[in-house]
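Per-entry structural report
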Amino acid sequence: MSALADRPADPVVGLRAAHESAALHVTGAAMYTDDLAARDHGVLTAWPVQSTNAHARVTVDVAPAYEVPGVVRVLTAADVPGLNDAGIKHDEPLFPSEAMFLGHALVWVLGETPEAARLGAAAVRVEYEPLPSLITVRDAIAAESYQGIARTVARGDAAAALAEAPRVFSGVTEFGGQEHFYLETQASYAIRDSEGQYFVQCSTQHPSETQEIVAHVLGVPSNEVTVQQLRMGGGFGGKEMQPHGLAAIAALGAKLTGRPVRLRLNRTQDLTMTGKRHPFHIEWRAGFSEDGFIQALEATLTADGGWSLDLSEPVLGRALCHLDNAYWIPNVHAHGRIAKTNKTSQTAFRGFGGPQGVFLIEDILGRVAPELGIDAATLREQNFYRPGQATPYGQTVKDAERMPRIWSELKAESDFDARRAGIAAFNAAHEDRKRALAITPIKFGISFNFAAFNQAGALVHVYKDGSVLINHGGTEMGQGLHTKMLQVAATALGLELHQVRLAPTRTDKVPNTSATAASSGADLNGGAVKNACEQIRERMAKVAGRLLGVDERDVRFSGGVVTGLGNREQRLSFAEVAEAAYLQRVQLWAAGYYRTEGLHWNPDVMQGSPFKYFAYGAAASEVEVDGFTGAYRVRRVDIVHDVGDSLSPMLDIGQIEGAYVQGVGWLTLEELRWDESDGPARGRLLTQSASTYKLPSFSEMPEVFNVRLFEDAREEGAVYGSKAVGEPPFMLAFSAREALREAVAAFGPGGRAVELASPATPEAVFWAVEAARAAGAPAEAVAQTDASRELVGAD
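Now for a quick tour of the structure. (Residues numbered from 1 in each chain as written. Predicted model: local features only at pLDDT ≥ 70, side-chain atom pairs only at ≥ 80, totals over all residues. Heavy atoms only, no water.)

Okay, the side chain of Glu 184 next. On the secondary structure map, Glu 184 appears in the loop between β8 (167-175) and β9 (187-192). Residues in contact with Glu 184, not counting those within four places in the same chain, are Tyr 32, Thr 33, Ser 203, Arg 231, Met 232, Gly 233 and Lys 239. (Helix = DSSP H or I, 4+ residues; strand = E, 2+ residues; numbered from the N terminus. Contact = heavy atoms within 4.5 Å.)

This is the structure:
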């Protein structure tokens, strides 16, 4: 078999290919989970009865629901034949006796129609015995309310280095969560067939784990449950863990009624019931030399996990592994812990803790650069890793030389220095509008930080007519994974793209698969698909060699044609060789497998090499801020990003663009708010619709948006030399936040640190501008500004 990274002469990978479902998407013909349910007859709808209290013991009376016409069944804990738990940590009761957040599903009503189910749920009586509730992470810290295992990353002697550092800074960095807001809400559809097996259609990023949870709730082995994932209308991590319990509800309903059951959350239910990106509270101290080299970092990171663990432990672990970003920090002591609060159970989100770790060091550098008297871009660049250096958790930084190359190429292509000079002139001429141009890097580790997840399987069939069908364990959520897998298979078999078809992801075709997450979908599943195809091609090469009269090692597959190096005259079609192989009783299908090699990790001491490689990138963002309102716009963005040798350049550029915009949303627009009062609505999510939760739209898109893939970037040991793309470019958005910081600073005197709230909404930017102006204003003006802010806060 060929080396994993090697490409043949005329590969299909590397070509600009349209998304395999693009035509279906734009015509509205693409089918999703709930569309499938709508096509069947006799389908029941499941509807939740949600808690109206943030924390309380509950007593539920379901009898009134049965008086509602069309109500068929109310599912309660008494109906569960297996384990009443929706998670993998056994801390998420499917039917709870204690409501842990406002919106918590207590029981589920099955109705003949959605309206019957809704009215039935409204009729259920719930009595509450209120208990103390913790809403903010600060509440949890004060109450010492923690869950899971605390972790520490350490290297050197941070305390001693801080004591000796010429310049020491300290602060608190806080930032909020983020709602996934996928277009397709959580959805499942379950049928129990004539043989007693369960077939579950589910919008899930992890079909095998959905299968496992459904099986343990029903009290049956996994071989009695098949989960299929056709496609998702977005996931972003929100469908890695959160669908499991919902799928189990649908399957339980199908078991008890003998009828198909659909469960699709409406938007408000989805927002109030499902987890979000973890907010963090971080206390830190950082030491620098006089010339701006980082000497030490000491930090305590507290992640707001919500009411249960979900994926909070690995999210925290990745945050601790990314607080260095692209910078060498010789002495580190970073302690991480998970707060338990009475909110939705926070979960995976694009970057999976990486953005939260990167936030810390980028916030520190952005804050201290003016006080050190060093330009922020220079401060960042001089602290980059150098070849041979290792991360605080002990992994050598492979390809460290790529970061300064990307940085210098981006600065040249964006005309960085000349534009900054022009911006300075603009700012000098405009008192109430300021611009800034900032540049930030990303170094992001690729692999699951749970080693067992770094494996994948595939099943490839070659039919007698030469057509090919592939199954793999990855899921399609719009990111183009299936398209890349088609390109990998076509390349490995020497076919044209149209000759290969892909089947939906199913647990009865490829078992025990990992989640499509951690940006590893193409790496893992591509390796498995390539492995299966190469097994088949080697068998077919023997057949073709005999037909062409050449050695099997001299057989070439390309463009659907099979040739031999010693036979220039004869050409066979792939179909002819497939037919001949069948007649000669040669196996034309194969199960492929791939596991990521070279990983070792000890989570107890947070040391090892958890990542296969690092993806690098840099972005330069220019913004303009209105000093009257704090409103801003992103004028121009330039990005150079490392995806290795791209499997599908058009898809990768689209992923980079989308990740950047989503990152800007998290950092500058998207603000989750809960009711923190002591009233009856305490713990209520206040931003529970698109009218109150601000998402990036066309108006927030950069006016000029330039994205280029880093060249000559082959990654040895990855499928066809490619690298992951899904998560790393999300963190390129820090350049926009840092540009806002620098634009705010331009409203005041130089040499002053600017603290910028996150998200840096126009309101937050306005108050930062006011603070910057006040720094250079007479004392009475400062007092007047403070009084105005307090008045607004009181309102």
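Okay, the packing of helix α6 (residues 207-218) against helix α7 (residues 243-257) next. Running from N to C, α6 and α7 point in directions that differ by 45°, and their axes come no closer than 9 Å. Classified by the angle their axes make, α6 and α7 are oblique. Along this stretch, α6 crosses α7, giving a crossing that reads as right-handed. Contact residues: Glu 209, Thr 210, Ile 213, Val 214, Val 217 and Leu 218 in α6; His 244, Ala 247, Ala 248, Ala 251, Leu 252 and Lys 255 in α7. Each residue belonging to the contact of α6 with α7 can be placed in one class, and the counts come to 8 nonpolar, 2 polar and 2 charged. (Axes fitted to C-alpha atoms, helices over the stretch in contact; angles between N-to-C directions. Parallel < 35°, antiparallel > 145°, perpendicular 65-115°, else oblique. Left-handed = near helix turned anticlockwise from the far one by under 90°. Nonpolar A, V, L, I, M, F, W, Y, C, P; charged D, E, K, R; others polar.)

This brings us to the pairing of strand β10 (residues 198-202). In terms of residue burial, β10 counts as a mostly covered element, since 4 of its 5 residues are buried. Looking at chain direction, β9 and β10 are connected through 5 bridges and run antiparallel. Bridging from a neighbouring strand, Arg 192 pairs with Tyr 198 of β10. Hairpin remark: β9 followed by β10, antiparallel, with 5 residues in the connecting loop; positive phi at Gly 196, about 85°. Alignment of β10 against strand β11 (residues 225-229), held across 4 bridges, turns out to be parallel. Counted as the bridge partner of Val 200 is Val 227 from β11. (Buried < 20%, exposed > 50% of the residue type's maximum accessible area, 1.4 Å probe, protein only. Pairing = 2+ DSSP bridges.)

The next thing to look at is the environment of Ser 414. When you line up the elements, Ser 414 lands in the loop between α12 (402-413) and α13 (416-429). With 280 residues separating them in the primary sequence, Ser 414 and Leu 134 have C-alpha atoms 47 Å apart. Every residue in contact with Ser 414, bar those within four places of it in the chain, is listed here: Arg 419, Ala 620, Arg 636 and Asp 638. Within polar-contact distance, the side chain of Ser 414 engages the backbone oxygen of Leu 410 at 2.8 Å. (Polar contact = N/O pair within 3.5 Å; in protein donor to acceptor, adjacent residues only side chain to side chain.)

Counting 107 residues, the largest nonpolar core has Trp 284, Phe 288, Leu 301, Ile 639, Tyr 660 and Val 765 as its most contacted members. Once residues within four sequence positions are removed from consideration, Tyr 660 is found in contact with Ser 621, Val 634, Val 637, Ile 639, Pro 702, Phe 705, Pro 729, Leu 732, Ala 733, Ser 735 and Ala 736. If you look at the next biggest cluster of nonpolar residues, it comprises 51 residues, including Val 488, Ala 492, Val 529 and Met 540. (Core = buried A, V, L, I, M, F, W, Y, C linked by side-chain atoms within 4.5 Å.)

What follows covers the packing of aromatic side chains. Applying the stated criterion to the full structure yields 21 aromatic pairs. Ring geometry for Phe 384 against Trp 407: centres 5.0 Å apart, planes inclined by 85°, an arrangement best described as edge-to-face. Within this pair, whereas Phe 384 is found in the loop between α11 (376-382) and α12, its partner Trp 407 is found in helix α12, the two being separated by 23 residues in sequence. Like Trp 407, Phe 384 is buried. Aromatic side chains Phe 766 and Trp 767 sit 5.1 Å apart centroid to centroid with 70° between the ring planes, which places their arrangement in the edge-to-face category. Through successive ring pairs, a cluster of aromatic residues spans Phe 175, Phe 280, Phe 359, Trp 666, Phe 730 and Phe 734. Directly above the aromatic system of Trp 666 lies the positively charged group of Arg 277, at a separation of 5.0 Å from the ring centroid. (Phe/Tyr/Trp six-rings, centres within 6.5 Å; stacked < 30°, edge-to-face > 60°. Lys NZ or Arg CZ within 6 Å of the ring centre and 35° of its normal.)

Between helix α9 (residues 312-321) and helix α10 (residues 354-372), the least distance of the axes is 7 Å, while the angle of their chain directions is 35°. Once α9 is placed against α10, the crossing between them reads as right-handed. Where α9 approaches α10, its residues Val 315, Arg 318 and Ala 319 are matched on the opposing element by Gly 354, Gln 356 and Gly 357. Across the contact of α9 with α10, the residue classes break down as 2 nonpolar, 3 polar and 1 charged.

Per the counting criterion, the structure on display carries 55 salt bridges. A salt bridge links Glu 622 to Arg 419; the shortest N-O distance between them is 2.7 Å. Note that Glu 622 is positioned in strand β27 (residues 613-626) and Arg 419 in helix α13, a separation of 203 residues in sequence. Residue Glu 622 is classed as buried on the basis of its relative accessible area of 6%. For Arg 419, a relative accessible area of 12% puts it in the buried group. Here Arg 433 and Glu 624 are joined by a salt bridge, their closest N and O atoms 3.1 Å apart. You can see Arg 433 sitting in strand β16 (residues 433-446) and its partner Glu 624 sitting in strand β27, a full 191 residues away along the chain. (Salt bridge = Lys/Arg side-chain N within 4 Å of Asp/Glu carboxyl O.)

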